[in-house]
Number of protein chains: 2
Amino acid sequence: MNEIIIELTKNNIKPSIHRIKILEYLRDNRTHPTVDEIYLNLKEGCPTLSRATVYNTLSLFVQSGIVRPLTIEDREIRYDYNTEDHGHFKCEQCGFLSDFEVNVAQLKYEGLEHHEITNKDVYFRGVCNKCLGNKKS
Amino acid sequence: MNEIIIELTKNNIKPSIHRIKILEYLRDNRTHPTVDEIYLNLKEGCPTLSRATVYNTLSLFVQSGIVRPLTIEDREIRYDYNTEDHGHFKCEQCGFLSDFEVNVAQLKYEGLEHHEITNKDVYFRGVCNKCLGNKKS
DNA sequence: TTATAAAATTAGAATTAATCTAAATTGAAA
DNA sequence: TTTCAATTTAGATTAATTCTAATTTTATAA
């Protein structure tokens, strides 16, 4: 809770109760939640919370780089507490979104000379081991 | 035109006039168009075309792997004629979506043992050289 | 060729994530 | 306390996508 306030303050974000709760939720739930998941879960302990606040707060966090938006889904954005380099795998069968290790930072590329790169994402799609296992039976 | 029919047939897709036109459009316009861009452009030469057909056809193409969906945008999906390995860069300022060279296939990763991977995407975001240049003035 | 069935296409309604708006609330500084 | 800006709110709006049920087209068999 305290580290959350420190992190917000460090990023020039006034630590209102909602902002603290939302960032705390993302830190403690590394399940790449959607806006609605965050909203519905926090609403229980905070009935006045509105969806607009969740949207506002998340875009604030994204701008500051505390949180990263995942656009691997077709329709809705998921949010990830921004830590070390990793990729995201989506199982097309069960829909589960998992992390995997990949060294994005060291990825060699060409053709972006004089571009400012602020964000790198690696998205893989396919079928996860669980779904592949189930298919055999 | 002929190669388009061959490509569709090879993928077990019956080459109807609309399917040919849509795939042809994607082959000849490497601008990562949205559904609406494709729809509006093709509608001129084919007034009975409906959006639903464009949606149906594109998801058919995606399933066959002829075309790849780009989910780098927040809200809408773009489509890319599926050729060799490359990454996608989105300028957050002007919105332009460009290709760049990156060896996605050789990317080393861990944690996806026994997963079937069908698709790999590398998305970078930032500010393009053009927008950076304009800022200086 | 004609009849029949299957596949493809259509227009428009429905859905829904995200944004917008204008009012209400909160919090900090004077 | 008073004042002003920042934050939050509910609900309306927007727009990409999906759904639905009817229509048209295409292929096949008689």
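Up top you'll find the structure we're talking about.
I will try to describe carefully the structure that is included in this document. (Residues numbered from 1 in each chain as written. Chains lettered and ligands numbered in written order. Predicted model: local features only at pLDDT ≥ 70, side-chain atom pairs only at ≥ 80, totals over all residues. Heavy atoms only, no water.)

## Considerations on the environment of Asn-56 of chain B
Phase 1 of the analysis: Along the chain, Asn-56 of chain B turns up in helix H4 (residues 51-64).
Phase 2 of the analysis: Along the backbone, Asn-56 of chain B and Arg-19 of chain B are 37 residues apart, and their C-alpha atoms lie at a distance of 9.7 Å. (Helix = DSSP H or I, 4+ residues; strand = E, 2+ residues; numbered from the N terminus.)

## Notes on the interface of chain B and chain A
Phase 1 of the analysis: Contacts between the two partners involve 34 residues from chain B, matched on the other side by 34 residues from chain A.
Phase 2 of the analysis: Taken over both partners, the interface formed by chain B and chain A buries close to 3,100 Å², and the fraction arising from carbon and sulfur atoms is 58%.
Phase 3 of the analysis: Inspection of the region where chain B meets chain A yields 2 salt bridges.
Phase 4 of the analysis: Notably, a salt bridge pairs Asp-121 of chain A with Arg-125 of chain B, separated by 3.0 Å at the nearest N-O pair. (Contact = heavy atoms within 4.5 Å. Buried area = accessible area lost by both parts, 1.4 Å probe. Salt bridge = Lys/Arg side-chain N within 4 Å of Asp/Glu carboxyl O.)

## Examining the relation of the copies chain B and chain A
Phase 1 of the analysis: At an RMSD of 0.1 Å, chain B and chain A line up after a rotation of 180 degrees and a shift of 0.0 Å along the axis. On this basis, the relationship between the two copies can be described by a two-fold rotation axis. Nearest to the rotation axis, the C-alpha of Val-122 of chain B is located 2.3 Å from it, this being the minimum over chain B.
Phase 2 of the analysis: Interface overlap between copies is the fraction of interface residues in one copy that are interface residues in the other; for chain B against chain A it reaches 100%, indicating a shared surface. (Least-squares fit on C-alpha atoms with pLDDT ≥ 70 in both.)

## Thoughts on the protein's contact with DNA strand D
Phase 1 of the analysis: Around DNA strand D, the surrounding shell holds 16 residues, and the nearest of these are Ser-16, Arg-19, Thr-48 and Thr-53 of chain A together with Ile-77 of chain B.
Phase 2 of the analysis: Protein-proximal atoms of DNA strand D, defined as those within 4 Å of the protein, fall in sugar or phosphate at a share of 83%.
Phase 3 of the analysis: Residue Tyr-55 of chain B places a side-chain N or O atom 3.0 Å away from a phosphate oxygen belonging to DNA strand D.
Phase 4 of the analysis: At 2.8 Å, a backbone N or O of Ile-77 of chain B approaches a phosphate oxygen of DNA strand D.
Phase 5 of the analysis: Those elements that place two or more of their residues in the surface near DNA strand D are helix H2 (17-28) and helix H4 (51-64) of chain A together with H4 of chain B.
Phase 6 of the analysis: In terms of residues, the surface near DNA strand D owes the most to one element, H4 of chain A, which gives 3 residues. (Near = heavy atom within 4 Å. Polar contact = N/O pair within 3.5 Å; in protein donor to acceptor, adjacent residues only side chain to side chain.)

## Focus on the protein's contact with DNA strand C
Phase 1 of the analysis: Around DNA strand C lies a shell of 16 residues, among which Ile-77 of chain A together with Ser-16, Arg-19, Thr-48 and Thr-53 of chain B are the nearest.
Phase 2 of the analysis: Backbone atoms, meaning sugar and phosphate, form 83% of the atoms of DNA strand C found within 4 Å of the protein.
Phase 3 of the analysis: The backbone of Ser-50 of chain B places a nitrogen or oxygen atom 3.1 Å from a phosphate oxygen of DNA strand C.
Phase 4 of the analysis: Where the surface near DNA strand C is concerned, the elements lending two or more residues are H4 of chain A together with helix H2 (17-28) and H4 of chain B.
Phase 5 of the analysis: Per element, the largest residue contribution to the surface near DNA strand C is 3 residues, and it comes from H4 of chain B.
Phase 6 of the analysis: Of the residues assigned to the surface near DNA strand C, the class counts are 5 nonpolar, 6 polar and 5 charged. (Nonpolar A, V, L, I, M, F, W, Y, C, P; charged D, E, K, R; others polar.)

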